[in-house]
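# Reading the structure
Each chain, written out:
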Amino acid sequence: MGEVKHSICRVCHAQCPILVEMEDGKPVKVVGDKDNPIYHGYTCVKGRELPYMHYSDKRLLHSQKMQADGTHAPIPHEQAFDEVAEKLKHILDTYGPRSIAYYVGTHGYNNFATNRFADAWMDAIESPMRFSSVTIDQPGKAIATALHGAWQGGTTNIEQADAWMFVGTNPIVSMFGGTPVNPARAIQKAKKRGLELVVVDPRVTDVAKHATIHLQPKPGNDPAILAGMLRVIFEEGLYDQKFTTENVNGFVELREAVDAFTPDFVAERADIPAEKLKEAARMIARAARAGCTAGTGPNMAGYGNLTEYLLLSMMSICGHWLQEGDKLPNPGVLVNRGPAKAQPSGPFPAWGFGEKLRVRNLANTAAGLPTAAAADEILMDGEGKVRALLSLGGNPMMAWPDQLKTYDAIRELDLFISIDPLMTASARLSHYVIAPKLSLEYEATTALQEMLGIGLSGEGYQAPYAQHCEKIMDPPEGSDVIEDWEFFYGISQRMGLELTLEPWSFMDPAGKAANATKLDMSNKPSATQIWEALLKNSPVPLSEVKKSESGKIYDVPEVRVAPRDEGHTARFDVGNDVMMKELEEVKAGIVQDREKDYDFRMISRRLHDHHNSNWHFAPRMSRQYKYNPAFMNPGDMKAHGLKTGDIIEVIAERASIKGIVEEAPDVREGSIAMTHCWGDLPGQDDDVLTHGSNTGRLSSVEKDYDPYSGIPRMSSIPINIRLLQSAVAAE
Ligand SMILES: Nc1nc2c(c(=O)[nH]1)N[C@H]1C(S)=C(S)[C@@H](COP(=O)(O)OP(=O)(O)OC[C@H]3O[C@@H](n4cnc5c(=O)[nH]c(N)nc54)[C@H](O)[C@@H]3O)O[C@H]1N2
Ligand SMILES: Nc1nc2c(c(=O)[nH]1)N[C@H]1C(S)=C(S)[C@@H](COP(=O)(O)OP(=O)(O)OC[C@H]3O[C@@H](n4cnc5c(=O)[nH]c(N)nc54)[C@H](O)[C@@H]3O)O[C@H]1N2
Ligand code: SF4
Ligand SMILES: [Mo]
């Protein structure tokens, strides 16, 4: 066996510790770190595929420039920086800061340092046009927190809970939505000590298999289900009277608004047993401590803000937040969480502030600028038109809703730049593709996961855990690749801009400004200096964390939730006017009426071995699925005369795509589940067996969208189907 080096997997946000076996300076094998105190050796196929990715012949080893005929040719990165800086400067001088936008995709987040650089650059050019995948993911989380208020005593986690409810999230596959670190183990361990689990999902998901109660509703009905549960909690007096009196406004308004959602009404609307709904409500309310988290499904299925808002309201009226004297599972190692006090912040601005978009009355939100309107901002002429877009570890052509509109928009850009190791659908439309280093070639820390836990219940570490890793290999010989942040540094130098790096912090805006670092723009900082700047105010000095190659639990002083400040008056709001109004709309069933001519609902789901649009072709990742099947219930298949392998047309109001039928008893009748981020560009995607289909094409950003975040229906999309080609013919 060759030398073994420690690293951190950065394929997804879970940041699993990995052991990389090296031969002649090259990685040959990745395994989990069995001695790791919290991950206990967990990895998945995607992480174990890292050696392949670094040496794949599809990996870009040189940046690319689009030629006059639309093809791409290699360009040295310094020359690409020169040309890009000149073009950006021209656009900036001619049309102003608003003409330049960025889009941070999932790899922009997983590479924490880049993300901070991108913001520093946008600050320097004073552009507000910052789009990210957050507003086409779970924008309801930040928006609902703003409407409701945040608990300053820390977020809730499964290890300290007696009951948990997962609504449309499948953490065992996604590592998100409630338990990111070795989730299957964490759930089994919690269940052994008596955790009661409620799962709401139209599929019998991996996590639903562990549920004490699984509600398997018609998709798109989460607000009605949660309102029904709240009604049971009110009616049976299961709420926390003392906590509510001290901390909650809007109790009466919420109670009145959910009154119409009787168990029988909800049972009929969502097609679930009324008795099970009541039991689920009792299970969550009666627990000494419970957590409730939602995922992408409900955030994309309409009224996502409302779903998240009702979950927060349920947490609050049941008094399930950490209380004074409770131990914080992670007081912070690399990220400063600020003080923990047993008190709510009041509501804060959720939408309508900051930059206004020019379409659909949209504006900035607590989750950021609506990405669902980015294509319109590019397409629409006039003052403020977006002319340059920088895509940072993202793939708009695969991920943005309304693929046909996105396609028009991307081709309309004067300058489109992607930082991406692959010639993805988006890269192929880019004027420049900047070839980045891959993860094993650069330094990293686990700050991202720690930070997620400060803002989101169920995320983060349940112990003061951290890891730092050095680069463990050099890029392949003859290559010309950079760390993503070097792009921003390089173009800033050429544009004569000054950059100031700020640490990323949800709870500590003062700390953010106080710990900002002005960069030396003549002498390029090293990656090490960048990390030191970003983690300047870390509770444990980075130099200390660097002493250990493996991830470890740090001996930091215990922190208990402090009592509320004397005279603290801010309270949660569970009766927000707009949310109560949306509950009335839900009750009236406007959506259901409008969609009665459709036989099925298309729901989104993730695949275990694939991550969004990343490296679909990698050998081990594609062993099970080389495309995104249309998972169907056997009863529905029989009724429509379909078998596995049949190619169907999936027909939505906006557009149609092809789907390859796969029998899936876990999917509820009437739903068809397909994964996003597959397929190819319009007109180049006929070969569905090779690359699947793009479900983004089924969404219209102009119809049926959230009035604040702009997110359209990306799950629970009304569809009809028709057989195109039978399985035998398809072979
Ligand atoms: N219909 C529908 N649409 C959806 C969703 C859905 O459920 N249904 N989900 C939505 C969600 S939650 C999200 S987050 C978005 C995802 O939106 P995006 O983030 O835009 O999509 P990804 O495929 O994650 O893009 C990651 C990109 O990073 C590149 N990459 C891989 N490794 C590296 C690296 O080391 N460095 C760099 N620089 N780049 C790298 C990949 O090639 C890929 O192009 O999609 C959204 N779209
Ligand atoms: N393996 C893997 N891991 C990933 C990703 C990946 O692509 N692959 N993507 C990453 C990203 S970008 C994100 S944002 C996270 C997302 O993490 P999750 O939100 O946990 O994503 P999913 O696993 O798709 O779970 C969503 C669930 O919602 C259900 N659902 C669909 N519509 C509805 C509805 O109307 N109501 C209810 N109650 N349920 C519904 C689906 O059946 C599905 O089980 O995962 C991340 N992790
Ligand atoms: S879950 Fe898989 S892809 Fe995500 S960090 Fe861990 S090993 Fe990597
Ligand atoms: Mo996401």
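One can find the structure itself at the top, above this paragraph.
Okay, so let's go over this structure. Residue positions are counted from 1 within each chain, in the order its sequence is given. Chains carry letters from A onward and ligands carry numbers from 1 onward, assigned in written order. Where local features are concerned, this predicted model is filtered to residues with pLDDT of at least 70; where side-chain atom pairs are given and counted, the filter is 80 or more; whole-chain, interface and lining totals use all residues. Where side-chain values are given, they derive from all heavy atoms of the structure, hydrogens and water being excluded.

### Section: the sheet that holds strand β3 (residues 26-32)
Spelled out, the test is: By the convention used here, strands pair only if DSSP detects at least 2 bridges between them. Numbering goes from the N terminus for both helices and strands, where a helix is a DSSP run of H or I of at least four residues and a strand is a run of E of at least two. Think of each axis as a best-fit line through the C-alpha atoms, taken over the contacting stretch in the case of a helix, with angles from 0 to 180 degrees between the N-to-C directions.
The strand order across the open sheet built from three strands is β1-β2-β3, with neighbouring strands paired in antiparallel fashion. Every other strand in the sheet has two partners, leaving β1 (3-8) and β3 as the edge strands with one partner each. Averaged over all adjacent pairs, the angle separating strand axes in this sheet is 35 degrees, with direction ignored. Summarising the sheet, β1 and strand β2 (residues 17-23) pair through six bridges and their orientation is antiparallel. Paired with Ser 7 across the two strands is Ile 18, which belongs to β2.

### Quick notes on the site of ligand 3
Our working definition: Nearness of a residue to a molecule or strand requires only that one of the residue's heavy atoms be within 4 Å of it. Each residue receives one of three labels: charged for Asp, Glu, Lys and Arg, nonpolar for Ala, Val, Leu, Ile, Met, Phe, Trp, Tyr, Cys and Pro, and polar for the others, Gly being one of them.
Near ligand 3 you find Cys 9, Val 11, Cys 12, Ala 14, Gln 15, Cys 16, Tyr 42, Thr 43, Cys 44, Lys 46, Gly 47 and Met 175, and these make up its full shell. Considered class by class, the residues forming the shell around ligand 3 number eight nonpolar, three polar and one charged.

### Things to note about the pairing of strand β8 (residues 163-167)
To be explicit about the condition: For the exposure calls, accessible area comes from a 1.4 Å probe over protein chains only, and a residue counts as buried if that area is under 20% of its type's maximum, exposed if over 50%, partly exposed in between.
Along β8, five of the five residues are buried, which leaves the element largely enclosed by surrounding structure. Both faces of β8 are covered, namely the face carrying Ala 163, Met 165 and Val 167 and the face carrying Trp 164 and Phe 166. Strand direction decides the pairing type here: β8 and strand β9 (residues 196-200), joined by five bridges, are parallel. Paired with Phe 166 across the two strands is Val 199, which belongs to β9.

### Some remarks on the side chain of Arg 337
Our working definition: Just so you know, the count uses Lys and Arg for positive and Asp and Glu for negative, and it drops His and the chain ends. Any Lys or Arg side-chain nitrogen found within 4 Å of a carboxyl oxygen on Asp or Glu counts as a salt bridge. Polar contacts here mean pairs of N or O atoms no more than 3.5 Å apart (in protein, one a potential hydrogen donor and the other a potential acceptor; neighbouring residues in sequence count only if both atoms are side-chain atoms).
On the secondary structure map, Arg 337 appears in the loop between α15 (304-317) and β13 (351-356). Buried charge without a partner: Arg 337 forms no salt bridge, and the closest opposite charge is Glu 450, 8.6 Å away. A polar contact is formed between the side chain of Arg 337 and the backbone oxygen of Pro 339, at a distance of 3.4 Å.

### So, helix α8 (residues 183-192)
Formally: What the arc measures is the spread of directions leading from the helix axis to the C-beta atoms. Contact criterion: two residues are considered in contact whenever any of their non-hydrogen atoms come within 4.5 Å of each other.
Taken as a whole, α8 has its buried residues at Pro 183, Ala 186, Ile 187 and Ala 190. Buried residues of α8, viewed axially, fall in a sector of 95 degrees; they line one side. Buried residues in α8 make contact with β8, α7 (171-174) and β9. Of the residues one or two after α8, Gly 194 is the one with positive phi, at around 110 degrees.

### Concerning the site of ligand 2
The condition that has to hold: Calculation of accessible area relied on Shrake-Rupley with a 1.4 Å probe; when residues are assessed, cover is drawn exclusively from the protein chains displayed.
Contacts to ligand 2 come from 34 residues, most closely from Thr 169, Ser 174, Asp 201, Asp 222 and His 610. A distance of 2.7 Å separates an oxygen atom of ligand 2 from a polar atom in the side chain of Ser 174. Relative to its free-state accessible area of 920 Å², ligand 2 is covered by the protein chains to the extent of 98%. Contributions of two or more residues to the shell around ligand 2 are made by α7, α14 (296-300) and β25 (600-604).

In short, geometric facts, not functional conclusions.
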